[in-house]
Amino acid sequence: MVATESQASGTDSSPRAPSPGLLGQISRFVLIGGFCALVDFGLYWLLLQAGTWVHLAKALSFIAGTTTAYFLNRRFTFTAAQKGGVGQLGGFILLYTVTFFVNVGTNALALSLLPDLRWRVAIAWIVAQGTATTINFIMLKWVVFKEPRS
C-alpha cells in the first residue's frame, strides 16, 4: 500500500465531500438561513407563549437558530472545509456576534435615513439582514470554513 501525503504527514485522511460550488453554496446558505430563521422565530414564539421573559426568550431563540446554522452550514454548505475544532467554532461565534451588531446598527442607520414611508421598517430590516447575510457568507466561506487548497 502506498501512503498518501496526508497519511505520511499523520493528518486526517478521511475523504471530504466535494464543494457544491459557489452558486450551490449560496443557494444552500440561503435555504439554511431561512430554516434557521424559522427555528429562531418558532422557539421565540413558543417561549413567549410559555410565559418566558421576552429578552430571555429572544436570547435563547437566537442561540438556537445560530447553533442550528453552524451545524447545518458546516455539514451541507461548506462540505469541503476542514471539520470542527475549537478555532472554527470560536470563529463562527465571533463572526455572528459581530454581524449581530452590524445588523442592529445597519437597521438603526437605515431607519434614521429613510423618509417616513409606509414600508420604512421593512426596507430597513431587508437592508440590515442583507448586509449581515452577505458578510456572514463571505466570512464563513473564506475564513471560518475555509477549504484546503488542492
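Novice: Give a detailed account of the confidence of the model for the protein chain, specifying residues and quantitative values.
Specialist: Scored by pLDDT, the protein chain has a mean of 86; 87% of the residues are at 70 or more. Per-element mean pLDDT across the protein chain ranges from 40 in helix H1 (residues 5-9) up to 94 in helix H2 (residues 22-49). Ignoring residues within four places in sequence, the model shows residues 1-13, a span with pLDDT below 50, making seven contacts including any to other chains.

Novice: Can you lay out the pattern of salt bridges for me, pointing to particular residues and giving the numbers?
Specialist: Evaluated as defined, the whole model comprises one salt bridge. A salt bridge links Lys58 to Asp40; the nearest nitrogen and oxygen atoms lie 2.9 Å apart. One end of the pair, Lys58, is in helix H3 (residues 54-77); the other, Asp40, is in helix H2, with 18 residues separating them in the sequence.

Novice: Please provide a residue-by-residue account of the packing of aromatic side chains, values included.
Specialist: Ring pairs (aromatic) are described by centroid distance and by the angle formed between their planes. Under the defined criterion, the tally for this structure stands at nine aromatic pairs. Both rings, one in Phe29 and one in Phe137, keep their centres 5.3 Å apart while their planes meet at 70 degrees; by these two values the pair is edge-to-face. In this pair, Phe29 sits in helix H2 while Phe137 sits in helix H5 (residues 120-144), placing the two residues 108 residues apart along the sequence. Both residues of the pair, Phe29 and Phe137, count as buried. Between Phe100 and Phe101 the ring centres are 5.2 Å apart and the planes differ by 80 degrees, which places this aromatic pair in the edge-to-face class. Three or more aromatic residues link up through ring pairs in this structure, and these residues are Phe29, Tyr70, Phe71, Phe78, Phe92, Tyr96, Phe137 and Phe145. The ring of Tyr44 carries the charged tip of Lys58 above its face, separated from the ring centre by 5.7 Å. In this structure, Lys141 packs its charged tip against the face of Trp142, placed 5.3 Å from the ring centre.

Novice: Could you give an account of a nonpolar patch on the surface, with specific residues and numbers?
Specialist: Together, Leu22, Ile26, Val30, Ile135, Ile138, Met139, Trp142 and Val143 give the surface a local cluster of nonpolar side chains, amounting to about 680 Å² of exposed area. When residues in the nonpolar patch are grouped by element, the largest group, five residues, is from H5. For Trp142, the location among the structural elements is in helix H5. Taking relative accessible area as the criterion, Trp142 reaches 49% and is therefore assigned partly exposed.

Novice: Can you tell me about the environment of Ala64, naming the residues and giving the values?
Specialist: On the secondary structure map, Ala64 appears in helix H3. On a C-alpha basis, the gap between Ala64 and Phe41 in space is 9.9 Å, while along the polypeptide they are 23 residues apart. Every residue in contact with Ala64, bar those within four places of it in the chain, is listed here: Val39 and Leu43.

Novice: Could you give me a rundown of the nonpolar core, with the residues and numbers involved?
Specialist: Membership of the largest hydrophobic core comes to 14 residues, with the highest contact counts inside it found for Phe29, Phe78, Phe92, Tyr96, Leu140, Val144 and Phe145. Every element with two or more residues in this core is listed here: H2, H3, helix H4 (86-113) and H5. In this structure, Tyr96 is in contact with Phe29, Phe62, Thr66, Ala69, Asn136 and Leu140, ignoring residues within four places of it in sequence.

Criteria and thresholds
- Residues numbered from 1 in each chain as written.
- Predicted model: local features only at pLDDT ≥ 70, side-chain atom pairs only at ≥ 80, totals over all residues.
- Heavy atoms only, no water.
- pLDDT = per-residue confidence, 0-100.
- Helix = DSSP H or I, 4+ residues; strand = E, 2+ residues; numbered from the N terminus.
- Contact = heavy atoms within 4.5 Å.
- Salt bridge = Lys/Arg side-chain N within 4 Å of Asp/Glu carboxyl O.
- Phe/Tyr/Trp six-rings, centres within 6.5 Å; stacked < 30°, edge-to-face > 60°.
- Buried < 20%, exposed > 50% of the residue type's maximum accessible area, 1.4 Å probe, protein only.
- Lys NZ or Arg CZ within 6 Å of the ring centre and 35° of its normal.
- Patch = residues over 30% accessible without salt bridge, like charges linked within 9 Å, V, L, I, M, F, W, Y side chains within 5 Å.
- Areas by Shrake-Rupley, 256 points an atom, 1.4 Å probe, with all protein chains shown as cover.
- Core = buried A, V, L, I, M, F, W, Y, C linked by side-chain atoms within 4.5 Å.

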